[in-house]
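# Residue-level structural notes
Listed below are the residues making up each chain.
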Amino acid sequence: MPTQSPLAPGSRTGDGGIAGAATGPQQTAPRPQTPGEVTVVDPAMVKRAVSAAALGNAMEWFDFGVYSYIAVTLGHVFFPSGNPTAQLLSTFGAFAAAFLVRPLGGMFFGPLGDRIGRQKVLAITMIMMAVGTFAIGLIPSYASIGVGAPILLLAARLVQGFSTGGEYGGASTFIAEYAPDKKRGFLGSWLEFGTLAGYVGGAGLVTLMTALLSTEDLHSWGWRIPFLIAGPMGIIGLYLRMRLEETPAFAQLEKEAHAKEKERRAAEKRIGIREMVFGQWRAMLLCIGLVLVFNVTDYMLLSYMPSYLTSELKYDETHGLLVVLGVMVVMMGVQPFAGKLSDRFGRRPVIGAGCVGFLVLSVPALLLIRQGSLIAIALGMGALGLLLVCFTAAMPSALPALFPTKVRYGSLSIGFNISVSLFGGTTPLVVTALIGATGNKMMPAYYMMAAAVIGGIAVLLMSESARKPLPGSPPAVETEAEARQLLAATAAR
């Protein structure tokens, strides 16, 4: 039974609701509203959809936080070369390998999600993420099995990266297709709330373990605990996702395709990677540009800045990590409110404000951070964190609206992961190389400013999607009363 049913005037269901049929999705801009094309959401199912999608993102970034904060220990366990720098580079090399396969994961899971359904693929990616992370906690050390240990670590990271390639595009699509039009920004913002919660949870757990355990205990068995926690988390996430029904947008597409079986089979053959990329080339370029500014600033703040504080500014490592965690907690508190702002004022103004903010404030914020005092660092990092919220709150609802239902999962997954792999995941490496080549420690600010310019151009070229139906989907509302009003207003035109 669909969790969200189209409404048509004049026919009532047994429970007093109004039922009817919607026509099929299109591949271009949202269609004008015509009678019979309104979807009423199920609030309980929407909450479950948001929770299940956010938990998957939280699990991905829990691993990210754990791996980043425990990298030195993993170097001792898996790469005992005797050279601390070589150990750390090897550990982050295995970490970076996951980014190389993310586009492949997007190309595999994205089209699959458009063909067999969002819910099924998100369940698969959840299982793979949980298995990959849990497996790291079971790998014997280098001292036990030799070179097999780092090979197994690399294999587990590749499984994680491949599954992650289908996670964000699917999760954001899932929430967007469940949400009522007027609340898509608010509900989508919880996806990145899960990201921040997962990172804070993973990094916080490692920080706590480092404080409580001796170095010997941490190296022998303590490092395994955060990774083994992924097992129960994965079971919970899988349970939540298996309880979900397919999104109404995909269910309607599938229903119409079944009614015309021959056309469905022909359409499936036509919907390939070529159509998802080149058939949506303008939306794909906008997606890459928006994800670029989103992820460059994200990875700069959450991944690179702790290392920048320690290696470039010689700031105390523990204090630097705690400042970053504090900034993320503040971001979590602001996140849902920023999502509401994107519903009220639009995605373009919110994302545009973030781009302008990074263009104008990156240099002053970094100068504050370089001043060195705890208050100055907190203020500089806090300013960048609040600007980043403009992206984390609005992007989960803005990106799915770039593509029609027929190719949304696939096109978004491909564009998102190409941009992340080329620009987001490489941010720490590129900025470190630029500082080394130029000797200019303001390079992080300049890099964020360049990203802001590209993101700003994408914002100028994108269409506003707030309070509008997704391309190829009927309008979605919260109550039958709203549906009647919308149908009446449309009929009166």
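Residues numbered from 1 in each chain as written. Predicted model: local features only at pLDDT ≥ 70, side-chain atom pairs only at ≥ 80, totals over all residues. Heavy atoms only, no water.

## Some points on the environment of Val 121
We apply this condition: Where helices and strands are cited, they refer to DSSP runs of H or I of at least four residues and of E of at least two residues respectively, numbered from the N terminus. Only heavy atoms enter the contact rule, under which two residues are in contact if any of them lie within 4.5 Å.
Considering the arrangement of structural elements, one finds Val 121 in helix H4 (residues 118-136). In the structure, Val 121 is positioned 120 residues away from Arg 241 in sequence and 10.0 Å away in space, judged by C-alpha atoms. Discounting residues that sit within four places of it in the chain, Val 121 has contacts with Phe 109, Leu 112, Gly 113, Ile 116 and Tyr 409.

## Structural notes on empty space enclosed by the protein
Over the atoms a probe the size of a water molecule is rolled, and this reveals where empty space is left. For clarity, the threshold we go by: The definitions used throughout rest on a 1 Å grid laid over the protein atoms alone, on which a cavity is an enclosed set of points accommodating a 1.4 Å probe that cannot get out and a pocket is an open set flanked by protein within 12 Å on both sides along at least five of seven lines; lining residues are those having an atom within 4 Å of a point. Grid points are joined across faces, edges and corners, and a volume is the space filled by probe spheres set on the points. Residues are sorted three ways: Asp, Glu, Lys and Arg are charged, Ala, Val, Leu, Ile, Met, Phe, Trp, Tyr, Cys and Pro are nonpolar, and all the rest, Gly among them, are polar.
Inspection of the entire model under this criterion finds 5 cavities of 30 Å³ or more. Each pocket or cavity is described by its volume, and for the largest cavity that value is around 190 Å³. In terms of lining residues, the largest cavity is bounded by 16 residues, among which Glu 60, Asp 63, Arg 157, Gln 160 and Thr 164 are the most central. Secondary structure elements with two or more residues in the lining of the largest cavity: helix H1 (43-69), helix H3 (84-116), H4 and helix H6 (148-164). Grouping the amino acids of the lining of the largest cavity by side-chain chemistry returns 8 nonpolar, 4 polar and 4 charged. The calculated volume of the second largest cavity comes to roughly 80 Å³. Together, Asn 57, Glu 60, Trp 61, Arg 102, Tyr 168, Glu 192, Thr 195, Phe 294, Asn 295, Asp 298, Tyr 299 and Phe 416 line the second largest cavity. Contributions of two or more residues to the lining of the second largest cavity are made by H1, helix H8 (184-212) and helix H15 (281-312).

## Overview of the packing of aromatic side chains
What counts here: Stacked, tilted and edge-to-face are the three classes applied to pairs of Phe, Tyr and Trp rings, where Trp contributes its six-membered ring and a pair requires centres within 6.5 Å; stacked means planes under 30 degrees apart, edge-to-face means over 60, and tilted covers the rest. Any residue under 20% of the maximum accessible area for its type is buried, any over 50% is exposed, and the rest in between are partly exposed; the area is computed with a 1.4 Å probe on protein chains only. Lysine NZ or arginine CZ positioned within 6 Å of the ring centre and within 35 degrees of the ring normal marks a charge as sitting over the ring.
In total, this model carries 11 aromatic pairs according to the counting rule given. Taken together, a centroid distance of 6.2 Å and an interplanar angle of 70° make the contact between Trp 223 and Phe 227 edge-to-face. Of the residues examined, Phe 227 reaches a relative accessible area of 1% and is grouped as buried. Geometrically, the ring pair formed by Phe 358 and Phe 391 is stacked, given 5.7 Å between the ring centres and 15° between the ring planes. Of the two residues, Phe 358 sits in helix H17 (residues 347-371) while Phe 391 sits in helix H18 (residues 374-398), which places them 33 residues apart along the sequence. By the burial criterion, Phe 358 is buried, and Phe 391 matches it. Each residue in the set Phe 78, Trp 223 and Phe 227 is aromatic and connected to the rest through ring pairs, giving one cluster. Taking NZ or CZ as reference, Lys 340 lies 5.1 Å from the ring centre of Phe 186, over its face.

## Structural notes on the packing of H15 against helix H20 (residues 427-438)
Counted only if it meets this: As a rule, the C-alpha atoms of each element are fitted with a line to give its axis, helices using only the stretch in contact, and angles between N-to-C directions run from 0 to 180 degrees. Should an angle fall under 35 degrees it is taken as roughly parallel, and over 145 as roughly antiparallel, whereas 65 to 115 is taken as roughly perpendicular and any remaining angle as oblique. Note: crossing handedness is left-handed where the near helix turns anticlockwise from the far helix by less than a right angle, and right-handed where it turns clockwise.
Contact geometry for H15 and H20: axes closest at 9 Å, N-to-C directions at 45°. Taken together, H15 and H20 sit at an angle that is classed as oblique. Here H15 and H20 pass one another in a crossing that is right-handed. Residues Val 296, Tyr 299, Met 300, Ser 303, Tyr 304, Tyr 308 and Glu 312 of H15 form the contact with H20, whose own contacting residues are Thr 427, Pro 428, Val 431, Thr 432 and Ile 435.

## What about the packing of H1 against H8?
Packing of H1 against H8 leaves a shortest axis separation of 6 Å and a crossing angle of 35°. The interaxial crossing formed by H1 with H8 has right-handed handedness. Residues belonging to the contact of H1 with H8 are distributed by class as follows: 17 nonpolar, 9 polar and 1 charged.

## Section: the nonpolar core
Rules: Side-chain atoms within 4.5 Å link the members of a nonpolar core, which is a set of buried Ala, Val, Leu, Ile, Met, Phe, Trp, Tyr and Cys residues.
With 116 residues, the main nonpolar core has Phe 391 and Leu 399 as its most contacted residues. Of all the elements, H15 adds the most residues to this core, at 17 residues. Here Phe 391 is in contact with Val 293, Phe 294, Thr 297, Ile 351, Gly 354, Cys 355, Phe 358 and Pro 396, once residues within four sequence places are set aside. Judged by nonpolar contacts, the second largest core, of 5 residues, contains Val 40, Val 477, Ala 483 and Leu 487.

## Thoughts on the confidence of the model for the chain
The condition is simple: Note: pLDDT gives the predictor's confidence per residue, expressed from 0 to 100.
Chain-level pLDDT for the chain is 81 on average; 82% of the residues reach the 70-or-more range. Confidence, expressed as mean pLDDT per element, reaches its minimum in the chain at strand E1 (residues 5-7) with 44 and its maximum at helix H21 (residues 443-461) with 97. Here residues 1-35 scores under 50 on pLDDT; set against residues more than four positions off or in separate chains, the count is 102 contacts.

## Brief notes about the environment of Met 126
Checked against the element boundaries, Met 126 lands in helix H4. Expressed as a C-alpha distance, the spacing of Met 126 and Met 59, which sit 67 residues apart in the sequence, is 8.7 Å. When neighbours within four sequence positions are excluded, Met 126 is seen to be in contact with Leu 55, Gly 56, Met 59, Gly 234, Gly 237, Leu 238 and Arg 241.

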